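# Close look at the chain arrangement
What follows is the residue order along each chain.
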Amino acid sequence: MSDFPLIFERSRDGRTGCTPPATGVPTLELEELVGAGNLRESAELPEMGELEVVRHFTNLSHRNYGIDTGFYPLGSCTMKYNPRVNEVVASNPKYALTHPLQPESTVQGNLQVIHDLQTWMAEITGFDTATMQPPAGASGELLCLLLIRAYHDSRGEGHRDIVLVPDSAHGTNPASATRAGYRVQSVRTNERGSTDIEDLKAHLSPEVAAMMLTNPSTLGLFEDNITEICKLIHEAGAQVFCDGANMNAMVGVTRPGDHGFDCMHLNLHKTFSTPHGGGGPGCGCIGVKSHLEPFLPRPVVTKQTGAYKLDHDRPQSVGRVHMFYGNFLMNVRAWAYVRAYGREGLADIARHAVLNANYVQARIEHEYPRAFERTCMHECVLTAKPLKKFGVRALDVSKRLIDYGFHPPTNYFPLIVPEALMIEPTETETKETIDAFCDAMLEIADEAKTNPALLHKAPTVTPVGRLDEAFAAKTLDVCWTDAQAELANR
Amino acid sequence: MSDFPLIFERSRDGRTGCTPPATGVPTLELEELVGAGNLRESAELPEMGELEVVRHFTNLSHRNYGIDTGFYPLGSCTMKYNPRVNEVVASNPKYALTHPLQPESTVQGNLQVIHDLQTWMAEITGFDTATMQPPAGASGELLCLLLIRAYHDSRGEGHRDIVLVPDSAHGTNPASATRAGYRVQSVRTNERGSTDIEDLKAHLSPEVAAMMLTNPSTLGLFEDNITEICKLIHEAGAQVFCDGANMNAMVGVTRPGDHGFDCMHLNLHKTFSTPHGGGGPGCGCIGVKSHLEPFLPRPVVTKQTGAYKLDHDRPQSVGRVHMFYGNFLMNVRAWAYVRAYGREGLADIARHAVLNANYVQARIEHEYPRAFERTCMHECVLTAKPLKKFGVRALDVSKRLIDYGFHPPTNYFPLIVPEALMIEPTETETKETIDAFCDAMLEIADEAKTNPALLHKAPTVTPVGRLDEAFAAKTLDVCWTDAQAELANR
Amino acid sequence: MGYIPHTEADRREMLKTIGVTTIEDLFHEIPSDLRVEGDLDIPKALDEYALVREMGQIASKNVSLGSLISFLGAGIYEHYVPSIVMQLVTRGEFLTAYTPYQPEASQGYLQTIYEFQSMICAITGMEVANASMYDGATALAEACIMANSVTGRTRFVVSKAIHPHYRECVQTFSRPVGCSVVEVEDIASVIDDETACVAVQYPDFFGRVTDLRTVIEQAHAKGALVIVAADPIALGVLVPPGDLGADIVVGEAQALGVPMGYGGPLVGFFCVKRSLVRSIPGRIVGRTQDKDGRRGFVMTLRPREQDIRREKATSNICTNQALMALVATVWMSALGKTGFRQVAERCVQNAHYAKRELCKLPGVSLVFDEPFAYEFALNVGKDAHKIRDMLMADGFLAGLPLSDYYPEMPNALLIAVTEVRTKAEIDEFVAAVAKAVNA
Amino acid sequence: MGYIPHTEADRREMLKTIGVTTIEDLFHEIPSDLRVEGDLDIPKALDEYALVREMGQIASKNVSLGSLISFLGAGIYEHYVPSIVMQLVTRGEFLTAYTPYQPEASQGYLQTIYEFQSMICAITGMEVANASMYDGATALAEACIMANSVTGRTRFVVSKAIHPHYRECVQTFSRPVGCSVVEVEDIASVIDDETACVAVQYPDFFGRVTDLRTVIEQAHAKGALVIVAADPIALGVLVPPGDLGADIVVGEAQALGVPMGYGGPLVGFFCVKRSLVRSIPGRIVGRTQDKDGRRGFVMTLRPREQDIRREKATSNICTNQALMALVATVWMSALGKTGFRQVAERCVQNAHYAKRELCKLPGVSLVFDEPFAYEFALNVGKDAHKIRDMLMADGFLAGLPLSDYYPEMPNALLIAVTEVRTKAEIDEFVAAVAKAVNA
Ligand SMILES: Cc1ncc(COP(=O)(O)O)c(C=O)c1O
Ligand SMILES: Cc1ncc(COP(=O)(O)O)c(C=O)c1O
């Protein structure tokens, strides 16, 4: 089979596709209008007929795995069912065709959605207020740190310049800390997979601005002594941020705001079912305690005497963190999701997410031991270490899973677990699906022992085999040019 | 790989999926309401979660070929691009959510669509008027014959009971004639692929009610002497019906109404791009000369002093042929299609359809000779006869095409052409696509000569190989039952 | 605009390969006096943006059920449709396929058809269902004609309580093939030895649930087939006609997720007893296997069909309503055993609540006493058209004035209440009716 | 409602396998005083039908561009979007995938990202583009911070004619990392040896097309990087910043088919010269091959990213706006070279026609003299908010009152005219403006 063509390789000189509306206005010389010397030749976009475009992307979609095609237990990503009703409501032109700079009186519906969601997210997380502005999780982390910085500044404690981050933390945590102008110090995880309190204490100092803690941790474990940890940090004059990527373990069951955190971020594209879209859009949200509220980004959606407003008059605000108000249409979806469960159903999310994860762990831990001997929360972190002696790595197990029709779990994260396999089944999977996955995992463990080549060669059912990442980094062909087309054709 | 599960095999007792709206009304015992003894146990529909349903049908779609996935040169079916804008306009709730028995004043938009289309179809086909009521081509044929019957009856010629049908005709022609209460007599095709006029003359008699003629014929050829044929038939007191399945060759170029036909049917799902949907819905339309108009089915959409009306007061009408007004939402799509080309563009459809078909013919006829040595119209009928000596049949060529990524052409039709391959590329295909198809056809011809097993084993890229049709007819498992599930699981 | 991808260079090269100079040359066999001169009298082309706008403007001349609270049924019903249904059905692989003549390239669709047939059988209690018919009305006509060819008899006894449009279709298609249609209220009295079939509706056009057992016995006693035109939603709670001994069950499946669409495209279903399978019209999909034993599906019993059997085919139907059958299949899968039952139960409960409340109004009463499922004929004591129009002004689509079809019922409205109507809407409707009948 | 498929039996068996009795047991590690008691204060669940209705009712409190004729732009634009775009992008295989960490199972998406990068490069004239950023404003902030790390300098010179929201984002994100932002009208005068970068918008916030060559020369002379925030539609006709020597080009690609969506989700793009590729934030997809030489695509230069490089990453971005980048990719493919050019040309022609007609009105004039593309600042001679509100009553969204951001311009409206406005609409708008300014 020859390579699947790039759209540029399908292009033909002079072919036209979709036609924009014809302007009925009298026209003038273009160059006169935009200024002499400012005109260009047409950009070299592909030249395609409409049907060819349809086929190109339809057939590309066939080369892509999604939740809609199968089980996607990618740890830390909460790949749950993305309800299609959310897509229906969000495509309503009365939301989709509103401009962010319309007068407030004409977007009361939008502002209600945002305001409702702020209120519900604050209630669900146990914080005093929330904002929907961050467009993703990492931007939520950064925003929280900016609020913390502003808070310290406002109290004359601007010298605090260290942020503590557990060694198990997601990469965005230290990266966000850097972006907030902080130095990062790492805190150790103890033998139970929780924060090593002695190490934490050793790091606490008047220079510490904040600690970023993921709860449940990236190990899928509920933090031991979370109240005590928060207390210790507060006593040191620092703030505690909760990375809420793992909120799916807690919805309706326990609230980080009650644990002692000062602020947290959420990934609505995880816990609240907005689609991941191949890498985004996400949708962030942060919840904060009232002492951080004055610093919230501008504008803040408020409700006054029945009307919703965009409050720009926030003198202590950290400023603007998104071009407008965040990924609004994702708010519409999340609104629909919260109401699909409602007060009576929300806790079922966490309950079944945790049930499914523990079930996976129970079924396969004899081949893939748990990293820590504890009840897991919404995901389990196992290790493929026992297979290493057969020359098999976690990555090989993952690739082989593709041959069995499953998306692999997250590999090699958290970094502190060797040969990590981080499995998050989510609550929307059936027992049969999970059983089929576990059966495959066990069969793969057998294959590893008897015929490891099967794993090394995997995947074989995909349109391409294992790809050479070094070659990509060396060639660095990241943009199609005619020259590269020739290369590809050779 | 195990078989792709039936939805019933995925079902689990007690599982629930989508939930209908809750009724807030006070309820009573059901049996009291619908009458004693009238209640049943719940029907054994599958029990599935929503995500499982999404996956089932998404993955089934991957096991299906469509125009959107590739070239579909199925002769006589006009598998052209189905514009997606048509789907958008037809899904407008202001069309989709109207009830057929709403008062006329509330459906003026619908009636306008129908009326516009009637007018345009009459203009395009050259008839005096048209109706959009038949839901498909065959029902259009039958309707035309019913009109002809009513017409003859009205003139005291009800004794006419024969319908002439060419030996090359599509099966629906004789079947429709039977349904109209006629006896069918077959008329021969001559050595040019046109109606054998002598044979026609021999069949003409006072008992002949009508002739059904396909133009261009199912051989893809424009009927020689069409005017003369119509004249002969008229002189015999009979009517001439045009099977308009092949209108794609003629749009904007020539009009059956001008050829002398009394009536014709159209398949909007062919010529006018409404989607074929895996076998339907189609959308019929018939055009008629004024002498047949009194007999049109009820109700007729008319326009009077600015308002559109459903005229039920048609005393000579043949009656009702559809539950309501035909496949209305397909009319919406066809309306959009006609206007996408407009007066200035419509002829381009036929021009490029004919260009593409002749190009295919020219490129591969040295291996697959034409059935008749003529310029073809929108499709070409070739024969795989030369390959027979290698033990290869038209069907084998077709199955092998699937391995090359193409949908096969129509096989073994028209019946009068041995080893027929009826190829209709349509105007929406690019030269490159057609070239790739022709290249594959030529390569397959080579394979037939050098390695016929390749063809006999084909297709191999599909989820199943060639299927045993006799087994299906013998077992006649056409409905899932628990017993069959067991069978399948064995 | 348009959808033709040819470049000037493409045309040039293709013509060269063909060996002609212009596209015109390819039409040389069409006599010049038959050629269209100039442009047709069709409006000018619209670009896509303008097209969407224009069609939106035409649509806005309709008042849709998006802005009316509807109690109109009479064969076409408003129901809950899960969002997944249209999103799955409109996938290009389904939408742009045709009849699965090449089964290996069409297993996806073929399997869904097999599933459709099976689910329709589950609902109707029958053994065989075909892949679909145009609509319920033409399906009934086909059923009568099938009865004619199975029994060799030419007399169709049709209940007057069958949907008038169904009966009209039966009339249209029966007479040409030499069959006569007897429309009666009291069926038993007219069944004779010439009767090919007896056709009844279940529930009937007025929503009534009558016990079919007697009429089925009587018909069978005379050697006539029994055809039941059934409503699939009502079969969510009612004993299925298959269990009662019906020979053929047909109906309209629009209620199973298909948009009303001003009455089309719809989807008829057609079921028979297993003994009649070879007489069924249209396509049927059956299970089979490839030479490695892998399960697959194909169209089967093809020799019944027109493309093979020609004038001796069981029907002339070719293109059917496959996509709408797929809609129904996904809908039935999404609702499932529990949801489907709930839909039916809730329709019944809603309708009976509405009936109880409406009948409390002075001068308002039921036309018939028999039990009903979720549709009923209501005597509003005044000209039903007038009441309907008054209610329209209040935002209600009040139902069907029955006098359009039964002149003897000038004051009757046929009212359907499905699961999508809330108690509040029903209460408002009752209040509006009270106002209207008192006006 | 909800989307949990577990049956009672499933739960029972799973708990048994785990070895506990209730789901509650699995939460034993959470101290009881941290457990939520009872239900949260969230409204009750809605079934799907009620949910759709409720969200429709909230939506109806908006007045959308479906019913307003809009001349509002200011960074977000109404454009023609071919129907195929959303129908392709919402296919489940795309919509429900995540970051292509497993390239073999994600070739479809990876290839589209490579195509996106390539098309963005074609439009901007740059050599490298990343897979997307959150939006244009944060992309500009990232660009400044990248300039800081590339040059080691901490002073950002930012044109005051850049979109105010972009500048606000630059301010928000720059100060914490110890960089200062200088916002000026006259850039040349302030570039110094401490300047990390010079940032300009092209066309600028007021729609003006200024020649960038001089400022680029001046900046380079001082060793500063030049960042251009560019409008992709305008680049359909304007010399691309890459050709003019820009080092970094960022922008907002919403105009390429993405719904306005009240300002989100948007999609920022980020391009650099090839020499800067290792400093680029976010994901990049590159071509590679498998061991059989088959072409494939992977995320490349991963060690720049936060999940590997952690606190030393080029950015903290992880989830980006991939789906919107896919929208743009399909949009650019559908329009193609010719259609894209046409869009740009028609925007320009429409806007200049509108400007000519508007400027014929007494008291109405352009604020600036420079050439512009398709957006311009119009002095309406009266309080711009009042005029805007009056025009709203006539069904027009008249543009942005500039005094919201530039108090020195109380009477100015920023007006954008894209290809979707017809001559008739523009003429009506001009008439309405005439009425408003005379009122
Ligand atoms: C634990 C954790 N924190 C933070 C993030 C960052 O969120 P986002 O990707 O939405 O920026 C992720 C996402 O992958 C995560 O898993
Ligand atoms: C020549 C010809 N006539 C008639 C028909 C019947 O049309 P339909 O399938 O729409 O009933 C067909 C369709 O296949 C055909 O090809």
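Scroll up to find the structure this text is about.
Residues numbered from 1 in each chain as written. Chains lettered and ligands numbered in written order. Predicted model: local features only at pLDDT ≥ 70, side-chain atom pairs only at ≥ 80, totals over all residues. Heavy atoms only, no water.

### A short note on the interface of chain D and chain A
- Contacts between chain D and chain A engage 191 residues on the former and 208 residues on the latter.
- Taken together, both faces of the contact between chain D and chain A bury some 17,500 Å²; the carbon and sulfur share is 63%.
- Of all residues in chain D, Tyr3, Tyr262 and Arg295 of chain D give up the largest surface area on contact with chain A, accounting jointly for 6% of the area buried on that side.
- Here chain D and chain A share eleven salt bridges between them.
- The shortest N-O distance in the salt bridge between Glu29 of chain D and Arg374 of chain A comes to 2.4 Å.
- Of all the elements, helix α11 (residues 322–359) of chain D adds the most residues to the side of chain D that touches chain A, at 26 residues.
- Split into classes, the residues belonging to the side of chain D that touches chain A amount to 97 nonpolar, 53 polar and 41 charged. (Contact = heavy atoms within 4.5 Å. Buried area = accessible area lost by both parts, 1.4 Å probe. Salt bridge = Lys/Arg side-chain N within 4 Å of Asp/Glu carboxyl O. Helix = DSSP H or I, 4+ residues; strand = E, 2+ residues; numbered from the N terminus. Nonpolar A, V, L, I, M, F, W, Y, C, P; charged D, E, K, R; others polar.)

### Overview of the site of ligand 1
- Contacts to ligand 1 come from 15 residues, most closely from Ser76, Ala138, Asp243 and Lys270 of chain A together with Thr319 of chain D.
- Neighbouring residues of ligand 1 are distributed over chains A and D.
- Between ligand 1 and Asp243 of chain A, the relevant distance is 2.6 Å, taken from a nitrogen atom to a side-chain nitrogen or oxygen of the residue.
- Taken by itself ligand 1 offers 390 Å² of open surface, and the protein chains cover 99% of this.
- At three residues, the largest contribution of residues to the shell around ligand 1 is made by helix α7 (residues 137–154) of chain A.
- A per-class count over the shell around ligand 1 returns five nonpolar, seven polar and three charged. (Near = heavy atom within 4 Å. Polar contact = N/O pair within 3.5 Å; in protein donor to acceptor, adjacent residues only side chain to side chain. Areas by Shrake-Rupley, 256 points an atom, 1.4 Å probe, with all protein chains shown as cover.)

### Some points on the nonpolar core
- Judged by nonpolar contacts, the single largest core of 688 residues is most densely connected at Met121 and Tyr368 of chain A together with Tyr368 of chain B.
- Dropping the residues within four chain positions of it, Tyr368 of chain A is found in contact with Leu382, Thr383, Ala384, Leu387, Val397, Leu421, Met441, Ile444 and Ala445 of chain A. (Core = buried A, V, L, I, M, F, W, Y, C linked by side-chain atoms within 4.5 Å. Buried < 20%, exposed > 50% of the residue type's maximum accessible area, 1.4 Å probe, protein only.)

### Things to note about the site of ligand 2
- Surveying the vicinity of ligand 2 reveals 15 residues, the closest of which are Ser76, Ala138, Asp243 and Lys270 of chain B together with Thr319 of chain C.
- Looking at what sits near ligand 2, you find residues from chains B and C.
- Ser76 of chain B places a polar side-chain atom, nitrogen or oxygen, 2.5 Å from an oxygen atom of ligand 2.
- Here an oxygen atom of ligand 2 and a side-chain polar atom of Lys270 of chain B are 3.0 Å apart.

### Details of the interface of chain D and chain C
- The interface of chain D with chain C comprises 15 residues on the first partner and 15 residues on the second.
- One can count four salt bridges joining chain D with chain C.
- The residue Glu425 of chain D makes a salt bridge to Arg53 of chain C at a minimum N-O spacing of 3.6 Å.
- In this structure, the connection of chain D to chain C is made through six residue pairs in polar contact (both at pLDDT 80 or more).
- Sorting the residues of the side of chain D that touches chain C by element identifies α2 (48–59) and α4 (92–95) of chain D as the ones contributing at least two each.
- Residue contributions to the side of chain D that touches chain C peak at three residues, all from α2 of chain D.

### A few points about the sheet that holds strand β12 (residues 420–423) of chain B
Residue and element names in this part refer to chain B.
- Strand order in the open sheet formed by three strands is β10-β12-β11, and the pairing between neighbours is antiparallel. In the strand order of this sheet, the two ends are held by β10 (380–383) and β11 (410–411), each with one partner.
- The pairing of β10 with β12 spans four bridges and is antiparallel. Bridging from a neighbouring strand, Val381 pairs with Met422 of β12.
- Where helix α13 (residues 394–403) meets the sheet, it contacts β11 and β12, and its direction lies at approximately 40° from that of β12. (Pairing = 2+ DSSP bridges. Axes fitted to C-alpha atoms, helices over the stretch in contact; angles between N-to-C directions.)

### Some thoughts on the pairing of strand β12 (residues 375–379) of chain C
Residue and element names in this part refer to chain C.
- Counting buried positions along β12 yields four of five residues, so the element is predominantly enclosed.
- The pairing of β12 with strand β15 (residues 412–416) spans five bridges and is classified as antiparallel. Across the sheet, Leu378 pairs through a bridge with Leu413, a residue of β15.

### Focus on the packing of aromatic side chains
- Under the counting rule described, the total for this entry stands at 57 aromatic pairs over all chains.
- Here the aromatic rings of Phe71 of chain A and Phe406 of chain A are separated by 6.2 Å at their centres, their planes lie at 90°, and the arrangement is edge-to-face. Of this pair, Phe71 of chain A sits in the loop between α3 (50–61) and α4 (84–90) while Phe406 of chain A is found in the loop between α13 (394–403) and β11 (410–411), placing the two residues 335 residues apart along the sequence.
- Aromatic pair Trp120 of chain B and Trp335 of chain B: ring centres 5.1 Å apart, planes at 45°, arrangement tilted. (Phe/Tyr/Trp six-rings, centres within 6.5 Å; stacked < 30°, edge-to-face > 60°.)

### What to know about the relation of the copies chain D and chain C
- Rotating chain D by 180° about the axis while translating it 0.0 Å along that axis superimposes it on chain C, leaving an RMSD of 0.0 Å. On this basis, the relationship between the two copies can be described by a two-fold rotation axis. For chain D, the minimum C-alpha distance to the rotation axis belongs to Arg91 of chain D and amounts to 3.8 Å.
- A symmetric contact is evident, with 100% of the interface residues of chain D recurring at the interface of chain C. (Least-squares fit on C-alpha atoms with pLDDT ≥ 70 in both.)

### Some remarks on the pattern of salt bridges
- Applying the stated criterion across every chain yields a total of 133 salt bridges over all chains.
- In the salt-bridge network here, residues are joined through shared partners; they are Arg363, Lys431, Asp435 and Asp439 of chain A together with Glu13 of chain D.

### So, unusual backbone geometry
- Across the junction of Ala458 of chain B and Pro459 of chain B, the peptide omega takes the value -5°, indicating a cis bond.
- In this structure, Pro459 of chain B sits in the loop between α15 (452–457) and α16 (469–475).
- The amide bond that connects Tyr202 of chain D to the next residue, Pro203 of chain D, takes the cis arrangement and shows omega of -15°.
- If you trace the backbone, Pro203 of chain D turns up in the loop between β5 (195–202) and α8 (213–221).
- A positive phi angle, close to 55°, is found at Tyr262 of chain C, a residue other than glycine.
- Assignment of secondary structure puts Tyr262 of chain C in the loop between β7 (248–252) and β8 (268–272).

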